[in-house]
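# Reading the structure
Spelled out, the chains give:
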Amino acid sequence: MDNNTYVHILTDTLSKKSFLLDELIQITEMQERYITLTPPDMDNFETSLEDKEILINKINELDDGFEKIYEHVKNEIISNRVNHKEAIIELQNLIKQVTEKSTKLQTLEIRNKKSLEIFFANKKKEIKDFKRSSETATSYYKNMMNQQLDESYFLDKKK
């Protein structure tokens, strides 16, 4: 393959990565909706995690391929900048798009993480409160049972 073909593969790879990042952003935004529902839709949230994992693996494969091809043509592109001027500009624009989308995705992920932390803290508090009230009720019933047994015992003794 000639170097122009490699440069085309690089731009194609970045375009695919940009498209996959758009899909990741959509899924992450849906996750935010799942978390903020009352009650949260954890089943769909979990399904979306699986979908995101598939997309992330595809992006990692694209990144690996991009790096290998770039290493192969880096010297050619640098030494013949004039011949590859349009391709370089296109690559720079695509890299800028990918970077902006990655930043947006990170922001969404941070926001979702905070929402999940709040959700789990509330669940933990609910469980703790339930456990405490259950222990209190159990203690109350045990105490009441002991009082009744003690009273009946003393009544039987007096006869």
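To be clear, the structure that these remarks concern was listed above.
What comes next is a walk through the structure.

Definitions and limits used
Residues numbered from 1 in each chain as written. Predicted model: local features only at pLDDT ≥ 70, side-chain atom pairs only at ≥ 80, totals over all residues. Heavy atoms only, no water. 1 Å grid on protein atoms, 1.4 Å probe; cavity = no way out; pocket = protein on both sides within 12 Å on 5 of 7 lines; lining within 4 Å. Points joined across faces, edges and corners; volume = space filled by probe spheres on them. Helix = DSSP H or I, 4+ residues; strand = E, 2+ residues; numbered from the N terminus. Phe/Tyr/Trp six-rings, centres within 6.5 Å; stacked < 30°, edge-to-face > 60°. Expected span 1.5 Å × (residues − 1). Bend = angle between axes of the 7 residues up to and from the residue. Buried < 20%, exposed > 50% of the residue type's maximum accessible area, 1.4 Å probe, protein only.

So, on to the layout of surface pockets. If you add up the space inside the largest pocket, you get close to 200 Å³. Of all the secondary-structure elements, those providing two or more residues to the lining of the largest pocket are α2 (42-79) and α3 (85-158). Here the lining of the largest pocket takes five residues from α2, the largest share from any one element.

Now for the packing of aromatic side chains. One pass over the full model with this rule turns up two aromatic pairs. Measuring from centroid to centroid gives 6.3 Å for F66 and Y70, while their planes differ by 0°, and the two rings are stacked. Pair noted here: F66 and Y70 are both in helix α2, with a separation of four residues, about one helical turn.

Here we come to α2. Side chains that are three or four residues apart share a direction in an α-helix, a result of its 3.6 residues per turn. Between the first and last C-alpha of α2 there are 53 Å, a value that for 38 residues agrees with the 56 Å anticipated at 1.5 Å per step. At V73, α2 shows its maximal kink, close to 50°. Listed in full, the buried residues belonging to α2 are F45, S48, K52, L55, I59, L62, F66, I69, V73 and I77.

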